[in-house]
Amino acid sequence: MLLSNKNIVIFGGSGAIGSAVAGACLAEGARVFIGGRDAGRLAAAACALDAGQGTLETFVVDTKQPDLVGRTVAGIAAGVDEIDVVMDATSVPHDQGTPIDALDVDTFMVPVDGVLASLFNTTKAALPHMGKTRQGLVLTLTTPGGRTAVPGHLGNSVASAGVEAFTRVLAAELGSRNIRAICLGPHALADAPKAGSYTTKLFAPKAAAMGMTVDEWLGAAAGTTMLGRLPTLKDVAQTAVFLMSDRARAMTAAYVNLTSGMIAD
């Protein structure tokens, strides 16, 4: 059990990535708390998870409301000795494919404000309850957009690069407090659409513009990677478990490339 006795809080836990990571953490003996905006979707995600050797609890929260996030995390912390890991997997539907000439500033800022404000709020709320007697971890999620230059992806790319910068600076601030910060960067996930991910709607216009279905578009994307395939939800979940475990205790300020080789460090 890599995560025995660890308390893990996952925001966006009802989404494809959040629930996959939660399931992997439960299998490794963790006490997992998953949160989301939609109580019904959250309950459905919880019912689909096997607690295994761990325990699972849910909470409803809107990560855009810092006071609510703070109270919610404090309530979780009151019932455990400390929080070991906080992960924000909150999804922010946004535009991809529109060039700047046709883009307005509000649309551009949707992923920038949405992703970074959520990450700031959830991280700040969790930090007072971390690193007391055990090493803590802030695990962030980004996309290849932060390291690539694809036309029409201004908002996504700026937000993704911002998550990486946030993680690096956070690691520098928190090292002396026994808290690590690591950024996990997967590519488009081969099986995420079938798991109900919002990326189905995100990828559909791109696929249609090329005369493809979403599955065909994902297949073409796989051909651009060094390994000739896309990562899966299981890949993300198992990598996250390793990063959360004590086996990764010397890793911080790191970007973990889980793109199957779309980009190279």
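Owing to the predicted nature of the structure, the values given are computational and were not obtained by experimental measurement. (Residues numbered from 1 in each chain as written. Predicted model: local features only at pLDDT ≥ 70, side-chain atom pairs only at ≥ 80, totals over all residues. Heavy atoms only, no water.)

## Let's talk about the overall build of the protein chain
Each helix and strand counted, the protein chain has eight helices and seven strands in total. Radius of gyration (C-alpha) of the protein chain: 18 Å, near the 18 Å computed for a compact globule of 265 residues. With respect to the principal axes defined by its C-alpha atoms, the protein chain has extents near 55 × 35 × 35 Å. Among the 265 residues that make up the protein chain, the fraction classed as buried is 52%. (Helix = DSSP H or I, 4+ residues; strand = E, 2+ residues; numbered from the N terminus. Rg over C-alpha atoms; globule rule 2.2 N^0.38 Å. Buried < 20%, exposed > 50% of the residue type's maximum accessible area, 1.4 Å probe, protein only.)

## Let's talk about the pattern of salt bridges
Under the counting rule described, the total for this entry stands at eight salt bridges. Here Asp81 ties to Arg134 by a salt bridge, and the two come within 2.8 Å at their closest N and O atoms. Placement of the pair is Asp81 in the loop between α3 (66–78) and β4 (85–88) and Arg134 in the loop between α4 (105–126) and β5 (136–141), with a sequence separation of 53 residues. Between Glu82 and Arg134 there is a salt bridge; the shortest N-O distance is 4.0 Å. Here the residue Glu82 occupies a position in the loop between α3 and β4, and Arg134 occupies one in the loop between α4 and β5, the gap between them amounting to 52 residues. Among the ionic contacts, a cluster of salt bridges with common partners joins Asp81, Glu82, Asp84 and Arg134. (Salt bridge = Lys/Arg side-chain N within 4 Å of Asp/Glu carboxyl O.)

## Some thoughts on helix α7 (residues 214–222)
By the burial criterion, the buried members of α7 are Val214, Trp217, Leu218, Ala221 and Ala222. For α7, the buried positions fall inside an angular range of 145 degrees around the axis, keeping them on one side. For α7, the elements touching its buried residues are α6 (199–209). (Arc of directions from axis to C-beta. Contact = heavy atoms within 4.5 Å.)

## Topic: the sheet that holds β4
Reading across the sheet, the seven strands line up as β3-β2-β1-β4-β5-β6-β7 and stay open at both edges, with parallel pairing between neighbours. Two strands bound the open sheet, and with one partner strand each, they are β3 (55–60) and β7 (254–258). Sheet twist, expressed as the average angle between the axes of neighbouring strands with direction ignored, equals 20 degrees. Summarising the sheet, β4 and β5 pair through three bridges and their orientation is parallel. Within β5, the position partnered with Val85 by the bridge is Leu137. Relative to β3, helix α2 (residues 39–48) is tilted by about 170 degrees, and along the sheet it contacts β2 (31–36) and β3. (Pairing = 2+ DSSP bridges. Axes fitted to C-alpha atoms, helices over the stretch in contact; angles between N-to-C directions.)

## Some words on the side chain of Thr63
With respect to the element layout, Thr63 can be found in the loop between β3 and α3. For Thr63, the contacting residues outside a window of four places in its chain are Phe11, Val69, Thr90, Ala117, Ser118, Asn121 and Thr122.

## Considerations on the pairing of β3
Where a strand is regular, its side chains alternate between the two sheet faces. Alignment of β2 against β3, held across six bridges, turns out to be parallel. Across the sheet, residue Arg31 finds its bridge partner in β3, namely Thr55. For the crossover from β2 across α2 to β3, the handedness is right-handed. (Right-handed = clockwise from strand over helix to strand, strands pointing away.)

## Focus on the side chain of Asp84
Looking at where Asp84 falls in the secondary structure, it is placed in the loop between α3 and β4. Taking relative accessible area as the criterion, Asp84 reaches 1% and is therefore assigned buried. A distance of 2.7 Å separates a polar atom in the side chain of Asp84 from a polar atom in the side chain of Arg134. With near-sequence residues (within four places) excluded, Asp84 lies in contact with Asn5, Lys6, Asn7, Met130, Arg134, Gln135, Gly136 and Leu137. (Polar contact = N/O pair within 3.5 Å; in protein donor to acceptor, adjacent residues only side chain to side chain.)

## Thoughts on the nonpolar core
In this structure, Val21, Cys25, Leu139, Leu184 and Met244 are the most contacted members of the largest nonpolar core, which totals 36 residues. Those residues in contact with Met244, other than ones at most four positions away along the chain, are Leu3, Lys6, Ile8, Val21, Cys25, Val85, Met87, Leu137, Leu139 and Arg180. Counting 22 residues, the second-largest nonpolar core is a separate cluster that includes Val69, Ala77, Val86 and Val138. (Core = buried A, V, L, I, M, F, W, Y, C linked by side-chain atoms within 4.5 Å.)

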